[in-house]
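Examining the three-dimensional arrangement
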Amino acid sequence: MNLLLIILMLLLCLLISDVISHFIPFIPTALIQIGLGLGIAFIMKNNAIEIETEWFLLLFVAPLLYDDGRHFSRENLWKMRENIFGNAIILVLLTTVLGGFFINWLLPYVPLAAAFALAAVLSPTDPVAVNGIASRVHIPTKVLTLVRGESLINDASGLVAFNYAIAAVVTGYFSLRDAALNFTYMFIVGALMGLVLGLLIDWIGFILRKKGIRDATFHSLLQILTPFIIYITTEEIFHASGVIAVVVAGIAHAAITEHTSTMLAKEKVISENVWSVLLFALNGVIFILLGLNIPLSMGDAVEDVDINNWLAIAAVLVIWLTIFVIRFVYSYLSTAIQHVIAKNKQTDAPSVKTSLLISLTGVRGAVTMVAVLSIPTLLDSGEAFPQRSLILFIATGVILVTLLVATLFLPLLCRKETAESKEKDQIDFNSAIIKIFLATINRIKQETTPENEMAAYELISEYKRMVKRIQAEHNSPETDAYLLKLNELKLKGLRAEAGYLEGLLENDQIDKNVYEKFEAALDRREEALSNDVRFSVKYFLGKTLRIWHQFRRKYKQDPERLMEKIANVKELQTKTFQAAIESLEQEQQKTENKTDADIINAVIMGYQGMIRRLSMERSEFKEDDEERKEELRIKAMDSERQEIQRMYEAGEISKEQSKKLRRHINYIESATLDDNEE
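Things to note about the pattern of salt bridges
Proximity of charged atoms lets side chains of opposite charge pair with each other. Counted under the stated rule, the structure contains 14 salt bridges. A salt bridge links Arg-70 to Glu-272; its shortest N-O distance comes to 3.0 Å. Taken together, the positions of Arg-70 in helix α3 (residues 53–71) and Glu-272 in helix α12 (residues 265–303) put the pair 202 residues apart, joining distant regions of the chain. Among the residues examined, Arg-70 registers a relative accessible area of 11% and is labelled buried. By relative accessible area, Glu-272 is classed as partly exposed at 24%. Residues Glu-643 and Arg-646 are paired through a salt bridge, measuring 2.8 Å at the closest nitrogen-oxygen approach. You can see Glu-643 and its partner Arg-646 sitting in helix α25 (residues 623–649), three residues apart, about one turn around the helix. On the accessibility criterion, Glu-643 (12% relative accessible area) is buried. By relative accessible area, Arg-646 is classed as partly exposed at 36%. If you follow the salt bridges from partner to partner, you end up with Lys-435, Glu-643, Arg-646 and Glu-652 in one network.

A closer look at a nonpolar patch on the surface
Judged by side-chain polarity, Leu-321, Val-325, Val-329, Tyr-332, Leu-333, Ile-337, Ile-341 and Val-352 come together as a nonpolar surface patch covering roughly 710 Å² of accessible area. With respect to the helices and strands, Ile-341 occurs in helix α13 (residues 309–341). Relative accessible area serves as the criterion here: at 69%, Ile-341 is assigned to the exposed category.

Observations concerning a negative patch on the surface
A surface patch of negative charge is lined by Glu-502, Glu-506, Asp-511, Glu-516, Glu-519, Asp-523 and Glu-526. Those elements that place two or more of their residues in the negative patch are α20 (477–506) and α21 (512–528). For the negative patch, the element with the highest residue contribution is α21, accounting for four residues. Inspection of the secondary structure assignment puts Glu-516 in helix α21.

Observations regarding helix α18 (residues 429–447)
With 19 residues, α18 should reach 27 Å at 1.5 Å per residue; the first-to-last C-alpha distance of 27 Å fits that figure. Taken as a whole, α18 has its buried residues at Phe-429, Asn-430, Ser-431, Ala-432, Ile-433, Ile-434, Ile-436, Phe-437, Thr-440, Ile-441 and Ile-444.

Overview of the packing of aromatic side chains
Here the structure, examined in full by the defined rule, presents nine aromatic pairs. Consider the rings of Phe-101 and Phe-116, whose centres lie 5.3 Å apart with planes at 85 degrees: the pair is edge-to-face. One end of the pair, Phe-101, is in helix α5 (residues 81–106); the other, Phe-116, is in helix α6 (residues 112–121), with 15 residues separating them in the sequence. Summarising the aromatic geometry, the rings of Phe-328 and Tyr-332 are spaced 6.5 Å apart at their centres and angled 25 degrees between planes, so their arrangement reads as stacked.

Parameters and conventions
Residues numbered from 1 in each chain as written. Predicted model: local features only at pLDDT ≥ 70, side-chain atom pairs only at ≥ 80, totals over all residues. Heavy atoms only, no water. Salt bridge = Lys/Arg side-chain N within 4 Å of Asp/Glu carboxyl O. Helix = DSSP H or I, 4+ residues; strand = E, 2+ residues; numbered from the N terminus. Buried < 20%, exposed > 50% of the residue type's maximum accessible area, 1.4 Å probe, protein only. Patch = residues over 30% accessible without salt bridge, like charges linked within 9 Å, V, L, I, M, F, W, Y side chains within 5 Å. Areas by Shrake-Rupley, 256 points an atom, 1.4 Å probe, with all protein chains shown as cover. Lys, Arg positive; Asp, Glu negative; His and termini not counted. Charge placed at Lys NZ, Arg CZ, Asp CG, Glu CD. Expected span 1.5 Å × (residues − 1). Phe/Tyr/Trp six-rings, centres within 6.5 Å; stacked < 30°, edge-to-face > 60°.

Listed below in structure tokens is the structure:
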């Protein structure tokens, strides 16, 4: 199959998986992507997509780990160095040795070296799937930091152990001394090469800037290419660990650039935006490829008459449980030992729950899949690799079991932490954004003058649309109550309009046909207030048809007569809106609740905006108004930042929330004030 078509198909599946995940949020996106990949694999039975381990590590693992290294907290890395390096190296070796002996005991027909290879390939953890779960479940920070930290290193340690075990099976020779020396060489030289090459590329960037080459796009592309350059150089020339090299380079790059981020602000923004798209694509495609390779990895074992499928499934579950127990016991004992040694220091006491969380978050993923698929089919002697199909089946099964178990049990174990987190944060991100936007609307009202009234209305309308969108997309008890009250008051306004029209009809001040058309319009507006998707679709389709009919009438009728009719309709519509405003103002005088009064005021403002829109043609919004609008927008941005600072100082939001809110405001500011400079 054409390579371009394959890439496009993978990216299309990635987009589809994200849409499905939006509507089924309780299923991690990773599982949905695996399911899509599996579906494609069954459709393309004769066109399996295979990818070599080295290519996979270069194209996917290198950029992902480089980015993780850039963003991983150096303070946390140093603070938790014992736990992180212990899990990444000691636990990997323990899993390889203990797991290998157990697999050989459980399945005697699997040679010991092959059993070690299987245990080694199952030792590296994959944090990508856990990140997907962490976005829905509040996993304790220390646990998440530990898992993310060990995943920076354990891919390298696990793959080195796996390659030596495979070499022992293929050649029949194994030297513990050679393995230990090579293991040490790959780690130390890999780290040194990552540091040297990372610093060298940053130095080249610095020299180019001094020479006047300051194009932000150029330097952003250089950063994207950095992990690929470092990985290839380290692996192909120095035969060290490219995985360790890109992690060290990422950490070094972050340390160098943290003091120059303000001087290179544009470059940083462009670079981060490009990285976000790249990481989104790589993370998703990894799991789609994993699903695509499931039939390839499990098919031979299923078709092999010498392998009992039920016994193979049982072996998967037993081996997963063994690796889980090894990880749990190591986590508990290592914490207990640290607690005993550091008696006078503040260290966490061993906890069964924490150890369970660390064990559950040790999800296996695509690195395991790709590595196990690289197992050769033949030995040096020409014989078939012993039990290759069964090893592939077990490795794939363990990957799926770890994903499913984490999906099912992490939310249960983290339920208390999630509840405590919600209690601690007085308002969530979306509520904070709404509050900021409403405060900004009030600021714009204060800045409104007769000269900039139209510009102010346009800007207020933009903010109101953003508020409505957030309220519609993120339902919460607060926003639900707000929307319920808002719709109730809008319906009251509609009833006031209907009452005014009925009074005109009773006094023969309006034609019956005109009344019926206005009544139909009121019915459609009432339907549009519903959150029901059917009403929304029906309203949208109806509006499209009405625009088409208006367009046809515009060219069929006499222009003068048409303009007269439009003027009459506008006058009548304005009077109905004024009747609604009077009704709502009476309601506002009665209420003592400030929130309700603010909501009534918002509805009144909506009516006032519609009256202004009727009284002023769109063409009247000229260049001067656009300039006034931009002036108001700058003041609005200042107001947003002031409100964020006020909320932070008042304890309404945390420091992390304030940073996230400021970034969100910066994105909006960048999008609205961008001059599209070449």
